[in-house]
Amino acid sequence: MRAQSILSVLALATAVVAEDAPIIKDNPIGAQYQAEIKGKAPWEVAGSVKIASNAAGKGVTVEIALSGFPSEGGPFMYHIHEKAVPSNGNCTATGAHLDPYKRGETPLCDANAKSTCQTGDLSGKHGNITATTFSAVYNDDFLATIESDPSFFADKSIVFHLSNKTRIACANFVQLSPGNGSTTTTTTTTASASYGTALPSGGPHSGHNSSSSARPTNSDSTGAPIPPTASPTAAPTEPAGSGATKMVASGAALFAFVAVLML
């Protein structure tokens, strides 16, 4: 029993510390970035994703206008990934989702507690794509347009997936405007878009359909929308702006506890 207790404490000590994503409040006003997705067989997804700082510098506004999704294989998910699309257009090389606060893909994103989701999980926070054409405008408080912030997305990529996580389209963001009050020179990646069938790394992810913060327009539906609901295993919502640490292990306290157990 004592040995089991010691092992449990040591396991807690090595657990990954995950935090809620903080609300971004100092984005340069007027900063704008856009990713252009170009259709290419066998996938014909085409359109644009524009992300711009909100008027008061709090978070961003996301504008999406896309068409050409297949009639089967949905609902379709989309995320900001941690790496840019390379010059050869390989979507698999974009890595995993943008996740600076180490949230991970499980449990599934709770659309009612967006600060607890991966920063780059846009479809998890704002809704999957459930039709062959899709448009939406919504606010996201957790993406940064200031380069020094961990949630900065502009040197990364956006990737679209079938429901089985096959990557069917991807593109890099390019800068349209640095915005007012920007104090750093933003380095952007040359635009690149491509399509593929490679599977991304990470656990299963089903995401959610549109939440009240999005205003999507779908047509030629590929499946009945499923309203976003909290995952049964999702962590409880912390107070807004708390940035609460999900798992905190104090080294001194843990070792003291181990010492007591060994007496």
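Rules behind the numbers
- As a convention, each chain's residues are numbered from 1 in the sequence order in which they are written.
- Totals for whole chains, interfaces and linings use every residue, but because this is a predicted model, local features are given only for residues with pLDDT of at least 70 and side-chain atom pairs only at 80 or more, for both listing and counting.
- Remark: hydrogens and water are excluded; side-chain values derive from all non-hydrogen atoms of the structure.
- Numbered from the N terminus, helices here are DSSP runs of H or I no shorter than four residues, and strands are runs of E no shorter than two.
- Here, residues are in contact when the closest pair of their heavy atoms is within 4.5 Å.
- Here the open area of atoms and residues is found with the Shrake-Rupley method and a 1.4 Å probe, where only the protein chains shown may cover a residue.
- For Phe, Tyr and Trp, rings pair up if their centres lie within 6.5 Å, where Trp contributes its six-membered ring, and each pair is then called stacked (planes under 30 degrees apart), edge-to-face (over 60) or tilted (otherwise).
- Exposure is judged per residue with a 1.4 Å probe applied to protein chains only, and the accessible area is read against the type maximum: over 50% gives exposed, under 20% gives buried, and values in between give partly exposed.
- Scored between 0 and 100, pLDDT is the confidence that the predictor attaches to each residue.
- Among buried residues, the Ala, Val, Leu, Ile, Met, Phe, Trp, Tyr and Cys ones that are joined through side-chain atoms within 4.5 Å form a nonpolar core.
- The disulfide definition used here is simple: a pair of cysteine sulfur atoms within 2.5 Å.
- Definition of a polar contact: a pair of N or O atoms within 3.5 Å, with one able to donate and the other able to accept a hydrogen when the atoms are protein atoms, and with sequence-neighbouring residues admitted only if both atoms are side-chain atoms.
- Salt bridges are defined by distance alone: a side-chain nitrogen of Lys or Arg within 4 Å of a carboxyl oxygen of Asp or Glu.

**Some words on the overall build of the chain**
Turning to step 1, where the next piece is worked out: When you go through the chain residue by residue, the secondary structure sums to three helices and nine strands.
Turning to step 2, where the next piece is worked out: When the elements of the chain are put in sequence order from the N terminus, they spell out α-β-β-β-β-α-β-β-β-β-β-α.
Turning to step 3, where the next piece is worked out: Sequence separation of at least 24 residues holds for 70% of the intrachain contacts in the chain that already meet a minimum separation of 6.
Turning to step 4, where the next piece is worked out: Counting only carbon and sulfur atoms, one obtains 57% of the accessible surface of the chain, whose full area is about 12,200 Å².

**A word on unusual backbone geometry**
Turning to step 1, where the next piece is worked out: The amide bond that connects glycine 74 to the next residue, proline 75, takes the cis arrangement and shows omega of 0 degrees.
Turning to step 2, where the next piece is worked out: Turning to its location among the elements, proline 75 is positioned in the loop between β3 (60–67) and β4 (77–81).
Turning to step 3, where the next piece is worked out: For the bond running from threonine 106 to proline 107, omega is -5 degrees, close enough to zero to count as cis.
Turning to step 4, where the next piece is worked out: Along the chain, proline 107 turns up in the loop between β4 and α2 (122–126).
Turning to step 5, where the next piece is worked out: For lysine 102, which is not a glycine, the phi torsion comes out positive at approximately 55 degrees.
Turning to step 6, where the next piece is worked out: Tracing the sequence through the fold places lysine 102 in the loop between β4 and α2.
Turning to step 7, where the next piece is worked out: In the Ramachandran plot, lysine 165 falls in the positive-phi region, its phi being about 80 degrees despite a non-glycine side chain.

**Details of the packing of aromatic side chains**
Turning to step 1, where the next piece is worked out: Following the criterion strictly, the structure yields eight aromatic pairs and no others.
Turning to step 2, where the next piece is worked out: Arranged with centres 6.1 Å apart and planes meeting at 65 degrees, the rings of phenylalanine 69 and phenylalanine 160 form a pair that is edge-to-face. Here phenylalanine 69, found in the loop between β3 and β4, pairs with phenylalanine 160, found in strand β6 (residues 157–161); they are 91 residues apart in sequence, far enough to count as distant.
Turning to step 3, where the next piece is worked out: Judged by relative accessible area, which is 0%, phenylalanine 160 ranks as buried.
Turning to step 4, where the next piece is worked out: Their ring planes at 75 degrees and their centres at 5.1 Å tell us that phenylalanine 153 and phenylalanine 173 sit as a pair that is edge-to-face. Remark: phenylalanine 173 occurs in strand β7 (residues 167–177) and phenylalanine 153 occurs in the loop between β5 (131–140) and β6; sequence separation between them is 20 residues. Take phenylalanine 153 and phenylalanine 173: they sit in the same class, and that class is buried.

**Structural notes on the confidence of the model for the chain**
Turning to step 1, where the next piece is worked out: In the predicted model, the chain carries a mean pLDDT of 75, and 62% of its residues have values of at least 70.
Turning to step 2, where the next piece is worked out: Segment residues 182–191 is flagged for pLDDT under 50; beyond a separation of four residues in sequence, or across chains, it makes 19 contacts in the model.

**Re the nonpolar core**
Turning to step 1, where the next piece is worked out: Counting 33 residues, the largest nonpolar core has Val49, Ile51, Tyr78, Phe160 and Phe173 as the members making the most contacts within it.
Turning to step 2, where the next piece is worked out: Secondary structure elements with two or more residues in this core: β1 (32–37), β2 (46–53), β3, β4, β5, β6 and β7.
Turning to step 3, where the next piece is worked out: Contacts of phenylalanine 160, omitting those with residues within four sequence positions, involve Ile37, Val49, Leu66, Phe69, Met77, Tyr78, Ile129, Thr166, Arg167, Ile168 and Ala169.

**Quick look at the state of the cysteines**
Turning to step 1, where the next piece is worked out: Per the counting criterion, the structure on display carries two disulfides.
Turning to step 2, where the next piece is worked out: The side chain of cysteine 91 participates in a disulfide bridge whose partner is cysteine 170; the two sulfur atoms lie 2.1 Å from each other. Here cysteine 91 and cysteine 170 share a disulfide; its torsion about the S-S bond, -85 degrees, makes the bridge left-handed. Of the two residues, cysteine 91 is situated in the loop between β4 and α2 and cysteine 170 in strand β7; the sequence distance between them amounts to 79 residues.
Turning to step 3, where the next piece is worked out: Across the disulfide, cysteine 109 is cross-linked to cysteine 117 (sulfur-sulfur distance 2.1 Å). One disulfide, between cysteine 109 and cysteine 117, carries an S-S torsion of 80 degrees and so falls in the right-handed class.

**Focus on the environment of alanine 93**
Turning to step 1, where the next piece is worked out: Counting through the fold element by element, alanine 93 comes out in the loop between β4 and α2.
Turning to step 2, where the next piece is worked out: Spatially, the C-alpha atoms of alanine 93 and glutamate 82 are 9.7 Å apart, while their sequence positions differ by 11 residues.
Turning to step 3, where the next piece is worked out: When sequence neighbours within four positions are dropped, the list of residues in contact with alanine 93 reads Lys83, Ala84 and Pro86.

**Some details on the side chain of threonine 94**
Turning to step 1, where the next piece is worked out: You can see threonine 94 is positioned in the loop between β4 and α2.
Turning to step 2, where the next piece is worked out: A polar contact is formed between the side chain of threonine 94 and the backbone oxygen of cysteine 91, at a distance of 2.6 Å.
Turning to step 3, where the next piece is worked out: At 2.9 Å, the side chain of threonine 94 forms a polar contact with the side chain of arginine 167.
Turning to step 4, where the next piece is worked out: Excluding residues within four positions of it along the chain, threonine 94 makes contact with His81, Glu82, Lys83, Ala84, Val85, Ser157, Val159 and Arg167.

**Remarks on the pattern of salt bridges**
Oppositely charged side chains can form a pair if their charged atoms are brought close together.
Turning to step 1, where the next piece is worked out: One pass over the structure, following the stated rule, counts three salt bridges.
Turning to step 2, where the next piece is worked out: Of the charged contacts, one joins lysine 165 and glutamate 105 as a salt bridge, the two residues approaching to 3.4 Å between their closest N and O atoms. Taken together, the residues span a long stretch of sequence, with lysine 165 in the loop between β6 and β7 and glutamate 105 in the loop between β4 and α2 at a distance of 60 residues. The exposure classification of lysine 165 matches that of glutamate 105, with both residues buried.
Turning to step 3, where the next piece is worked out: Here lysine 125 and aspartate 140 are joined by a salt bridge, their closest N and O atoms 2.8 Å apart. A residue pair is termed long-range when its members are at least 10 positions apart, and lysine 125 in helix α2 and aspartate 140 in strand β5 qualify at 15 residues. As far as burial versus exposure is concerned, lysine 125 and aspartate 140 are alike and both buried.

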